[in-house]
Amino acid sequence: MFIQTLLPPVAGQIFRFSVAGCSGTTTIEVHANDQQLLQRDFTGLICKSEALIPDDCHGATLRIYAVDSTGKNQSIEFEISESDPGPHSMLAVSR
């Protein structure tokens, strides 16, 4: 299972990502610090999803967590930017 995105999360914008390599039903949760932005269940091998990042969340940690019905799980974290740092910034993110 893996989680991927092409662009970093930016406050006030829609953050798009996908989860792939899942089995059975998979639950995805997206949080900005303690605020839940998305909870979604899906079935299939790949799920493309999106979450609106609130305007006041710059500097917060965006966390995506996915777990499937076999117990496989994956999580990833990003710092939410105040403005768009560009796709090149994804190379510097530690995960």
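Thresholds applied
- Residues numbered from 1 in each chain as written.
- Predicted model: local features only at pLDDT ≥ 70, side-chain atom pairs only at ≥ 80, totals over all residues.
- Heavy atoms only, no water.
- Helix = DSSP H or I, 4+ residues; strand = E, 2+ residues; numbered from the N terminus.
- Rg over C-alpha atoms; globule rule 2.2 N^0.38 Å.
- Contact = heavy atoms within 4.5 Å.
- Areas by Shrake-Rupley, 256 points an atom, 1.4 Å probe, with all protein chains shown as cover.
- Lys, Arg positive; Asp, Glu negative; His and termini not counted.
- Charge placed at Lys NZ, Arg CZ, Asp CG, Glu CD.
- Phe/Tyr/Trp six-rings, centres within 6.5 Å; stacked < 30°, edge-to-face > 60°.

1. Some thoughts on the overall build of the protein
Inference 1: Check the secondary structure of the protein and you find 0 helices and 7 strands.
Inference 2: Walking the protein from its N terminus toward its C terminus, one meets helices and strands in the order β-β-β-β-β-β-β.
Inference 3: Taken over the C-alpha trace, the protein has a radius of gyration of 13 Å; the compact-globule value for 95 residues is 12 Å, and the two agree within 12%.
Inference 4: Considering only C-alpha atoms, the protein reaches an extent of 35 × 25 × 20 Å along its principal axes.
Inference 5: Within the protein, residue pairs in contact and separated by at least 24 positions form 53% of the contacts whose partners lie at least 6 positions apart.
Inference 6: Total accessible area on the protein is roughly 5500 Å²; 47% of this is exposed by carbon and sulfur atoms.
Inference 7: Across the protein, the mean location of the 6 positive side-chain charges is 12 Å away from that of the 11 negative side-chain charges.

2. Some points on the packing of aromatic side chains
Inference 1: A complete count under the given rule lists 2 aromatic pairs for this structure.
Inference 2: Ring-pair connections join several aromatic residues into one group, and the members of that group are Phe15, Phe17 and Phe78.

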